[in-house]
Amino acid sequence: MKLTIVEYPDRKLREKSKKVEVFDEKLHKLLDAMHPFMIKTNGIGLAAIQVAYATQVLVLNIPDEDGEQPKENLLEIINPVITSKNGSTVYQEGCLSVPSFYEDIQRSETISINYQDRDGNTKTLDADGLLSIAIQHEIDHLDGILFIDKLSYSRRKKFEKEYKRMLKEKKSSK
Ligand SMILES: [Zn+2]
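Reading guide: rules and limits
Residue numbers restart at each chain and count upward from 1, following the sequence in its written direction. Local features in this predicted model are restricted to residues of pLDDT 70 or higher, and side-chain atom pairs are both shown and tallied only at a pLDDT of 80 or more, whereas totals for entire chains, interfaces and linings draw on every residue. Excluded from the side-chain calculation are hydrogens and water; included are all heavy atoms of the structure. Under the scheme used here, helices are H or I runs from DSSP no shorter than 4 residues and strands are E runs no shorter than 2 residues, and both carry numbers assigned from the N terminus. Radius of gyration here is computed from C-alpha atoms only, and the compact-globule reference equals 2.2 Å multiplied by the residue count raised to the power 0.38. Only heavy atoms matter for contacts: two residues are in contact if any of them lie within 4.5 Å across the pair. Using a 1.4 Å probe, the Shrake-Rupley method yields the accessible areas, and only the shown protein chains count as cover for residues. We call two strands paired when DSSP finds no fewer than two bridges between them. We call an atom a donor if it is N, O or S and sits within 2.8 Å of the metal, or 3.2 Å for Na, K and Ca. Water is not counted, so some sites may look partial. Exposure classes here rest on a 1.4 Å probe applied to the protein chains alone. A residue is buried below 20% of its type maximum, exposed above 50%, and partly exposed in between. The term polar contact refers here to a pair of N or O atoms within 3.5 Å; inside protein, the definition further demands a hydrogen-donor-capable atom paired with an acceptor-capable atom, and it admits residues adjacent in sequence only when both atoms are side-chain atoms. The pairing test for Phe, Tyr and Trp rings, Trp by its six-membered ring, is centres within 6.5 Å, and the orientation test on the planes gives stacked under 30 degrees, edge-to-face over 60, and tilted for anything in between. Angles here are taken between N-to-C directions and fall from 0 to 180 degrees, while the axes themselves are lines fitted to C-alpha atoms, restricted in helices to the stretch in contact.

Enquirer: So what about the overall build of the protein? Which residues, and what values?
Expert: Within the protein one finds three helices and seven strands. The linear arrangement of helices and strands in the protein, starting from the amino end, is α-β-β-β-β-β-β-β-α-α. Taking 174 residues into account, the globule formula puts the C-alpha radius of gyration at 16 Å, and the protein, at 16 Å, falls close to it. C-alpha atoms of the protein, sized along the principal axes, occupy 45 × 40 × 35 Å. Restricting the contact set of the protein to residue pairs at least 6 apart, pairs at least 24 apart contribute 62%. Total accessible area on the protein is roughly 9900 Å²; 48% of this is exposed by carbon and sulfur atoms.

This is how it looks when you write it as structure tokens:
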């Protein structure tokens, strides 16, 4: 299964992802392709919509203290629902779908979620730190929301200008 990243401003990223109803081979193939793709592209989280599959599927692999992303830390999250959130934190976020841009974004500090694993088993997870931030970022993707949507009006304006310039440069260097 060959995956390619969908990049802003592609409208595909605005699509709302559908709930997974069938936990079959097709889902497992997608998950098995998403994880190595995310590692290869230096991501810590990836939503299926970012590789053009509008289903509620996320993979996350938060680096450990050595910056490694061992597979035993891999989290596969299907049909997530945030059941509680607390506190507030700011972190400089980036996104594989908005390459080369990093911005301070405010989110809840801790969250609890319900979700299903690749076999459809119901799970709960309490997350804090970078994992909490990454899960909130990825769940936003399922609703068609990008981290740049959370910027102030003036920061967003500045972003659009810089991003357009970058796209132009990319094109002319090809
Ligand atoms: Zn993202």
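Enquirer: Account for the pairing of strand 5 (residues 98-107), naming residues and giving values.
Expert: Pairing between strand 4 (residues 89-95) and strand 5: six bridges, direction antiparallel. Counterpart to V90 in the pairing with strand 5 is Q106. The hairpin turn running from strand 4 into strand 5, its antiparallel successor, is two residues long.

Enquirer: Got a sec to walk through the coordination of the zinc ion? Specific residues and values, please.
Expert: For the zinc ion, the protein coordination sphere consists of C95 (SG), H137 (NE2) and H141 (NE2), at 2.0 to 2.2 Å. Counting gaps between the donor residues of the zinc ion yields the pattern C-x41-H-x3-H. Of this pair, H137 and H141 both sit in helix 2 (residues 129-142), four residues apart, which is roughly one turn of the helix. Like H141, H137 is buried.

Enquirer: Describe in detail the side chain of E76, supporting the description with residues and values.
Expert: Checked against the element boundaries, E76 lands in strand 3 (residues 75-86). Polar side-chain contacts of E76 include one of 2.8 Å to the side chain of R118. With sequence-adjacent residues up to four places away left out, E76 is seen in contact with L31, L58, V59, Y115, Q116, D117 and R118.

Enquirer: How would you sum up the packing of aromatic side chains? Please name residues and give values.
Expert: Summed over all chains, the structure comprises five aromatic pairs. Aromatic pair Y8 and Y163: ring centres 5.4 Å apart, planes at 65°, arrangement edge-to-face. In this pair, Y8 is assigned in the segment before helix 1 (25-40) and Y163 in helix 3 (residues 153-173), connecting sequence segments 155 residues apart. For Y8, a relative accessible area of 11% corresponds to the buried category. Taken together through their ring pairs, the aromatic side chains of Y8, F101, F159 and Y163 make up a single cluster.

Enquirer: Outline the sheet that holds strand 3, supporting the account with residue identities and numerical values.
Expert: For sheets, the rule is that strands pair by backbone hydrogen bonds, running either parallel or antiparallel. Taking strand neighbours across the sheet as the criterion, the five strands line up as 1-2-3-6-7 in an open arrangement whose pairing is antiparallel. Edge strands, defined here as strands with exactly one partner in the open sheet, are strand 1 (45-47) and strand 7 (122-127). Neighbour-to-neighbour, the strand axes of this sheet turn through a mean angle of 40°, independent of strand direction. Alignment of strand 3 against strand 6 (residues 110-116), held across six bridges, turns out to be antiparallel. Opposite K85, over in strand 6, you have I111 as the bridge partner. Packed onto the sheet, helix 1 meets strand 1, strand 2 (57-60) and strand 3 and runs at close to 35° relative to strand 2. Packing against the sheet, helix 2 makes contact with strand 1, strand 2, strand 3, strand 6 and strand 7, and its axis sits at approximately 155° to strand 2.

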